[in-house]
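Each chain, written out:
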Amino acid sequence: MLLLLPCLSVNAQEPLPEAGAAQDTLYRNPGQGKVASALGLGDILVGSAVIPASIAIVPLIYALQNEAVSLLDGLLVTFIMAEYAALGIPLGGAVISLGLPLYVAGTAARRYPYNWRTARYADALKGKMSYTAFYDFGAGFVQGDGPVVDVGLTVEYNRDYHWAFGGGLNLSAPFEPTFLRLPVFADVKYSFLDSMLTPYVGVSAGAEVVKWGFYGSAELGMRIRTSTAGPNSMLSGLQVKYLENKFYLVFKNAFVF
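Here the structure is a predicted model, which is why all the values come from computation and not from measurement.

**What to know about the overall build of the chain**
Then, number 1: If you tally the helices and strands in the chain, you get five helices and eight strands.
Then, number 2: In the chain, which comprises 257 residues, the share counted as buried stands at 42%.
Then, number 3: Relative to all contacts within the chain whose residues are 6 or more apart in sequence, the contacts with residues 24 or more apart total 59%.
Then, number 4: Accessible surface, the chain as shown: approximately 13300 Å² in total, 69% of it carbon and sulfur.

Spelled out as structure tokens, the structure:
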């Protein structure tokens, strides 16, 4: 996430017009955020291409060789396809997850009418913070089991631009063994700053309801605020989860609305 700062700042440090210190701090270069949004869009397109390519590569090779596929060969192709998909889906998801925050941050910077570094949200959000919801998705690995894909839904109460309290559910789908996990949890998050980009930390605890076991997680990431009139933002971070006596490491993104 540290890539966001140089990417947003490219072409934003040209000589300022001589119009006083107050206007200097508000000076906005027309190019701010363009590099970040372009790099992010490129990552999204590459990640989106990796997933279907990883699934189709084996039958494509057979088709190009013009070979008749016997029943045994068909089973072998299916098995190899599953192995490629098991690698390609989380890999493509990870690339998309890296590109999304770049694209969202770049787009927010391009839309902000002044220098993006001057954006402050404390006063604008005063008295407007209430209940929000967000869906999240991510890809990562399970201790000793391989890749995993995650999706979730959370509802939170935002007391101010720092604290958020809530709860939700998370659907985890490890590839080996292929068995869905459904933790239900309560969580708390703390965002450190009132700027457009701010680090945040979060913890959650609850229970996995399919096999009934303890669930806990901790995460560290970056909040990208996309609106000065409310809590709309994007969360992008690294989450460590404990579920069924195993640790999960997941890179996740969430959209708050």
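**Here we look at the packing of aromatic side chains**
Then, number 1: One pass over the structure, following the stated rule, counts ten aromatic pairs.
Then, number 2: An angle of 45° between the planes, with centres 6.5 Å apart, marks the rings of F214 and Y242 as tilted. Of this pair, F214 sits in strand β6 (residues 213-225) while Y242 sits in strand β7 (residues 233-243), and the two are 28 residues apart along the sequence.
Then, number 3: Counting every residue linked through ring pairs, the aromatic cluster contains W163, F165, Y190 and F192.

**Re the sheet that holds strand β5 (residues 197-208)**
Then, number 1: Strands sit in the order β1-β2-β3-β4-β5-β6-β7-β8 around a closed barrel of eight strands; the barrel is antiparallel. Neighbour-to-neighbour, the strand axes of the sheet open up by a mean angle of 25°, direction not taken into account.
Then, number 2: One ladder, built from twelve bridges, connects strand β1 (residues 131-142) with strand β2 (residues 146-158); its direction is antiparallel. Counted as the bridge partner of Y131 is Y157 from β2.

**Quick word on the pairing of β2**
Then, number 1: Between β1 and β2, which follow one another and run antiparallel, lie three residues, and G144 among them has a positive phi close to 80°.
Then, number 2: With eleven bridges joining them, β2 and strand β3 (residues 163-174) adopt antiparallel strand pairing. Its bridge partner lying in β3, Y157 is registered against F165.
Then, number 3: As consecutive antiparallel partners, β2 and β3 are separated by four residues.

**Focus: the pattern of salt bridges**
Then, number 1: A complete count under the given rule lists nine salt bridges for this structure.
Then, number 2: One salt bridge in this structure joins K211 and E244, with 3.9 Å as the shortest N-O distance. In this pair, K211 is assigned in the loop between β5 and β6 and E244 in the loop between β7 and β8 (246-256), connecting sequence segments 33 residues apart.
Then, number 3: According to the relative accessible area criterion, K211 is exposed, its value standing at 53%.
Then, number 4: One salt-bridge network, held together by shared partners, links D136, E219 and K252.

**Section: the nonpolar core**
Then, number 1: Core analysis: the largest hydrophobic core is formed by 19 residues, its most contacted members being L8, W116, M196, L197 and I224.
Then, number 2: Of all the elements, helix α4 (residues 71-111) adds the most residues to this core, at six residues.
Then, number 3: The next biggest cluster of nonpolar side chains, apart from the first, holds seven residues, and it includes V142, V148, L243 and Y248.

**Digging into a nonpolar patch on the surface**
Then, number 1: Taken together, Y131, V155, Y157, W163 and F165 make up a surface patch of nonpolar side chains, about 510 Å² in accessible area.
Then, number 2: Of all the secondary structure elements, the ones that give two or more residues to the nonpolar patch are β2 and β3.
Then, number 3: Structurally, Y157 can be placed in strand β2.

**Considering the confidence of the model for the chain**
Then, number 1: Looking at the chain as a whole, the pLDDT averages 79, with 74% of positions reaching at least 70.
Then, number 2: Ranking the elements of the chain by mean pLDDT puts helix α2 (residues 21-26) last with 48 and β5 first with 95.
Then, number 3: Under a pLDDT of 50 for its full length, residues 11-24 has, in the predicted model, twelve contacts with residues more than four places off or in other chains.

**Quick look at the pairing of β3**
Then, number 1: As defined by bridge partners, β3 adjoins strand β4 (residues 183-191) across seven bridges and the pair is classed as antiparallel. Residue G168 lies in a different strand from β4, and its bridge partner there is F185.

**So, the environment of Y248**
Then, number 1: Mapped onto the secondary structure, Y248 falls in strand β8.
Then, number 2: Residues contacting Y248, with those up to four places away along its chain left out, are F141, V142, V148, S172, P174, R181, Q239, V240, K241 and L243.

**Considerations on unusual backbone geometry**
Then, number 1: Look at E244: it is not a glycine, yet its phi comes out positive at around 55°.
Then, number 2: Positive phi outside glycine occurs at N245, with the angle close to 65°.
Then, number 3: By the element assignment, N245 lies in the loop between β7 and β8.
Then, number 4: Taking relative accessible area as the criterion, N245 reaches 62% and is therefore assigned exposed.

Cut-offs and rules
- Residues numbered from 1 in each chain as written.
- Predicted model: local features only at pLDDT ≥ 70, side-chain atom pairs only at ≥ 80, totals over all residues.
- Heavy atoms only, no water.
- Helix = DSSP H or I, 4+ residues; strand = E, 2+ residues; numbered from the N terminus.
- Buried < 20%, exposed > 50% of the residue type's maximum accessible area, 1.4 Å probe, protein only.
- Contact = heavy atoms within 4.5 Å.
- Areas by Shrake-Rupley, 256 points an atom, 1.4 Å probe, with all protein chains shown as cover.
- Phe/Tyr/Trp six-rings, centres within 6.5 Å; stacked < 30°, edge-to-face > 60°.
- Pairing = 2+ DSSP bridges.
- Axes fitted to C-alpha atoms, helices over the stretch in contact; angles between N-to-C directions.
- Salt bridge = Lys/Arg side-chain N within 4 Å of Asp/Glu carboxyl O.
- Core = buried A, V, L, I, M, F, W, Y, C linked by side-chain atoms within 4.5 Å.
- Patch = residues over 30% accessible without salt bridge, like charges linked within 9 Å, V, L, I, M, F, W, Y side chains within 5 Å.
- pLDDT = per-residue confidence, 0-100.

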